[in-house]
Amino acid sequence: MATNHLLEIKQHGQSIWMDNLNREVIQSGELKDLVEHQGISGITSNPAIFEKAISNNAIYDADIEAGIRAGLPTYKIYESLVFTDIRNACDILRPVYEASNRLDGYVSIEVPPTIAHDTEASIAEARRYFQEIGRENLMVKIPGTVAGLPAVEQAIAEGININTTLLFSVDSYINTAQAYMCGLEKRLAQGQDISKIAAVASFFLSRIDSNVDGKIDDKLKRGIDDISHEAKLQAVRGKVAIANAKIAYQEYKKIIQSDRWQSLAAKGAKVQRLLWASTSTKDPKYKDVMYVEELIGPDTVNTLPPATIAACADHCDVANRLETGVEEAYQLMESLKDPDINIDLNVVMEELLVEGIDKFVKPYESLMNSLENKVKLLSPV
């Protein structure tokens, strides 16, 4: 029988979660098989995933009709569909949650992306989602925006598991870690237990390379006279995201070695693991599992879409590489300031955050529109 390389990754202290969820994968038994036999130990979802799952899929029609009969508004029908899928996925992953002592076995659901810049609305929705879905192994996703981080802090203080998403820069990860620790400290000050709370920080990868590579290609198209100048530009193609992630992991290590964190850990706090997100390779010239192979290391999560799961199970070259080439990673990031390269990483990260929210808002709004049309279609005349 062929080796499943996903199971080898687990031996290096990294958890593999799946970036996909729909009713078909639940009802067919595929999710149960992935969890029990393929090494999948968590699920992440987002509005784009649910748009794909619900739009033009008759499997949800009976529940949509039930929502219509109950007189529910469209967004409530949407929630009834999604919450059901999330609960069922949580139940399938519950044995993993228990066997791993709450390290894994989580299912993530995102608050509406339309409130990414609204702290109070994000807190209210995180609270409501956690209560209404009613599963201990639920994680609520909140974008790591300026408005999102205070929401993360408050949700953690209230005992809600949080997946802080859309992190691109190392600074955004550090700020997320601070929000997590502040939330735990706030909860302790209220005399509450902190040992049952879990959190991850979703650090995005391929979108960074897509953005930087696009800027490099624009420079090359405008024409480069000097061969060494071209070589400098080519040398950073497809390298920035992995270098950025390796540097973020070094910051993670500093944080967990700090007195502040050690004090929280002594009271039962669980580390907020870095989760590698946006891991499908967008450029066909790159290896299809490069965002997996290069970032295998302890106390991390990698969330993979189904195609990357299949590719990695088949041909991932598994080794602990997260702390190899760290010095080179710092040098690469420094090289972006070279006048011949001249790529401002702060601008890149800001563009990616704006674009990232947009990439969730658009499918969310599109799903609401298509659901509205389906409601009209299925409603009795």
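Throughout, a residue's number is its position along its own chain's written sequence, starting from 1. The predicted origin of the model limits local features to residues at a pLDDT of at least 70 and limits the giving and counting of side-chain atom pairs to 80 or more, whereas totals for whole chains, interfaces and linings rest on all residues. Hydrogen atoms and water are omitted, and side-chain values are computed over all heavy atoms in the structure.

Chemist: Account for the packing of aromatic side chains, naming residues and giving values.
Modeler: Two rings belonging to Phe, Tyr or Trp (six-membered ring only in the last case) form a pair when the distance between their centres is within 6.5 Å. Interplanar angles under 30 degrees mark stacking, angles over 60 mark edge-to-face geometry, and anything in between is tilted. This model, assessed by the stated rule, comprises 8 aromatic pairs. Plain terms: the ring middles of tryptophan 17 and tyrosine 106 are 6.5 Å apart, the flat faces sit at 45° to each other, and that makes the pair tilted. You can see tryptophan 17 sitting in strand S1 (residues 14-19) and its partner tyrosine 106 sitting in strand S3 (residues 106-110), a full 89 residues away along the chain. When sorted by exposure, tryptophan 17 lands in the same class as tyrosine 106, which is buried. When the ring of phenylalanine 83 is compared with that of tyrosine 129, the centres are 5.1 Å apart and the planes differ by 75°; the resulting orientation is edge-to-face. Of this pair, phenylalanine 83 sits in helix H6 (residues 74-99) while tyrosine 129 sits in helix H7 (residues 119-133), and the two are 46 residues apart along the sequence. The structure contains a cluster of three or more aromatic residues connected by ring pairs, namely Trp17, Tyr97 and Tyr106. Only DSSP runs of H or I reaching four residues or more are called helices, and only runs of E reaching two or more are called strands; each is numbered from the N terminus. Here's how the labels work: a residue is buried when its accessible area is under 20% of the maximum for its type, exposed when over 50%, partly exposed in between, all with a 1.4 Å probe on protein chains only.

Chemist: Please give an account of the pattern of salt bridges that cites residues and values.
Modeler: The salt bridge criterion pairs a side-chain nitrogen of Lys or Arg with a carboxyl oxygen of Asp or Glu, the two atoms within 4 Å. For the structure on display, the rule yields 31 salt bridges. One salt bridge in this structure joins arginine 128 and glutamate 132, with 3.5 Å as the shortest N-O distance. Note that arginine 128 and glutamate 132 are positioned in helix H7 at a spacing of 4 residues, about one turn of the helix. For arginine 128, a relative accessible area of 18% translates into the label buried. For lysine 253, the salt bridge goes to glutamate 323, with nearest N and O atoms at 2.7 Å. Taken together, the residues lysine 253 in helix H12 (residues 240-257) and glutamate 323 in the loop between helix H15 (306-315) and helix H16 (326-335) connect sequence positions 70 residues apart. Given the relative accessible area of 24%, lysine 253 is considered partly exposed. One salt-bridge network, held together by shared partners, links Lys76, Glu79, Glu125, Arg128 and Glu132.

Chemist: Now, about the packing of H12 against helix H13 (residues 259-266): what can you tell me, with residues and values included?
Modeler: Note on definitions: angles span 0 to 180 degrees between N-to-C directions of axes, and those axes are lines fitted to C-alpha atoms, for helices only across the stretch in contact. Look at H12 against H13: their axes get within 5 Å of each other, and the N-to-C directions meet at 65°. Mapping the contact onto sequence places Ile255, Ile256 and Gln257 in H12 and Asp259, Trp261 and Gln262 in H13. Contact definition: two residues touch when any of their heavy atoms are within 4.5 Å.

Chemist: Which residues make up the side chain of asparagine 57, and what values do they have?
Modeler: Among the secondary structure elements, asparagine 57 is positioned in the loop between helix H4 (47-54) and helix H5 (61-69). Here a polar contact means two N or O atoms within 3.5 Å. Within protein one must be a hydrogen donor candidate and the other an acceptor candidate, and residues neighboring in sequence count only if both atoms are side-chain atoms. In terms of polar contacts, asparagine 57 uses its side chain to reach the backbone amide nitrogen of isoleucine 59, at 3.1 Å. Look past the residues within four positions of asparagine 57 in its chain and what remains in contact with it is Glu24 and Lys374.

Chemist: Requested: an account of the state of the cysteines, with residues and values cited.
Modeler: Cysteine sulfurs are considered disulfide-paired once they come within 2.5 Å of each other. One pass over the full model with this rule turns up 1 disulfide. The side chain of cysteine 312 participates in a disulfide bridge whose partner is cysteine 316; the two sulfur atoms lie 2.3 Å from each other. As the torsion about the S-S bond is roughly -110°, the cysteine 312-cysteine 316 disulfide counts as left-handed. The exposure classification of cysteine 312 matches that of cysteine 316, with both residues buried.

Chemist: Any chance you could break down the nonpolar core for me, citing the residues and the numbers?
Modeler: Note on soluble globular proteins: their nonpolar side chains tend to be buried together. In this text, buried Ala, Val, Leu, Ile, Met, Phe, Trp, Tyr and Cys residues form a nonpolar core when linked through side-chain atoms within 4.5 Å. By size, the foremost hydrophobic cluster in this structure holds 130 residues, and its most contacted members are Leu21, Ile54 and Ile86. Of the residues forming this core, the biggest block, 13 residues, is contributed by helix H17 (residues 345-378). The residues touching isoleucine 54, leaving out its near neighbours within four places in the chain, are Tyr60, Tyr78, Leu81, Val82, Leu367, Leu371 and Lys374.

Chemist: Account for the pairing of strand S7 (residues 273-277), naming residues and giving values.
Modeler: The buried fraction of S7 amounts to 5 of the 5 residues, a majority that puts the element mostly inside the structure. The alternating pattern of S7 places Arg273, Leu275 and Ala277 on one face and Leu274 and Trp276 on the opposite face, and all of these are buried. DSSP-based pairing: two strands are paired if at least 2 bridges between them are found. Pairing of strand S6 (residues 199-204) with S7, which is carried by 5 bridges, proceeds in the parallel orientation. When the bridges of S7 are listed, phenylalanine 203 appears paired with tryptophan 276. Looking at chain direction, S7 and strand S8 (residues 300-304) are connected through 3 bridges and run parallel.

Chemist: So what's going on with the sheet that holds S6? Residues and values would help.
Modeler: Ordered by their spatial adjacency, 8 strands build a closed barrel running S1-S2-S3-S4-S5-S6-S7-S8, and the pairing between neighbours is parallel. Looking at each pair of strands side by side, their axes are set apart by 30° on average, direction ignored.

Chemist: An account of the packing of H4 against H17 is requested, with residue identities and associated values reported.
Modeler: Relative to each other, H4 and H17 sit at 30°, their axes nearing to 8 Å. Relative to H17, the element H4 is oriented roughly parallel. Taken as a pair, H4 and H17 cross one another with a handedness that is left-handed. Contacts between H4 and H17 involve Pro47, Ala48, Phe50, Glu51 and Ile54 on the former and, on the latter, Lys359, Phe360, Pro363, Tyr364, Ser366, Leu367, Leu371 and Lys374. Reported orientations rely on four angle classes, namely roughly parallel under 35 degrees, roughly antiparallel over 145, roughly perpendicular from 65 to 115, and oblique for the rest. Left-handed describes a crossing whose near helix is turned anticlockwise from the far helix through less than a right angle; right-handed describes the clockwise counterpart.

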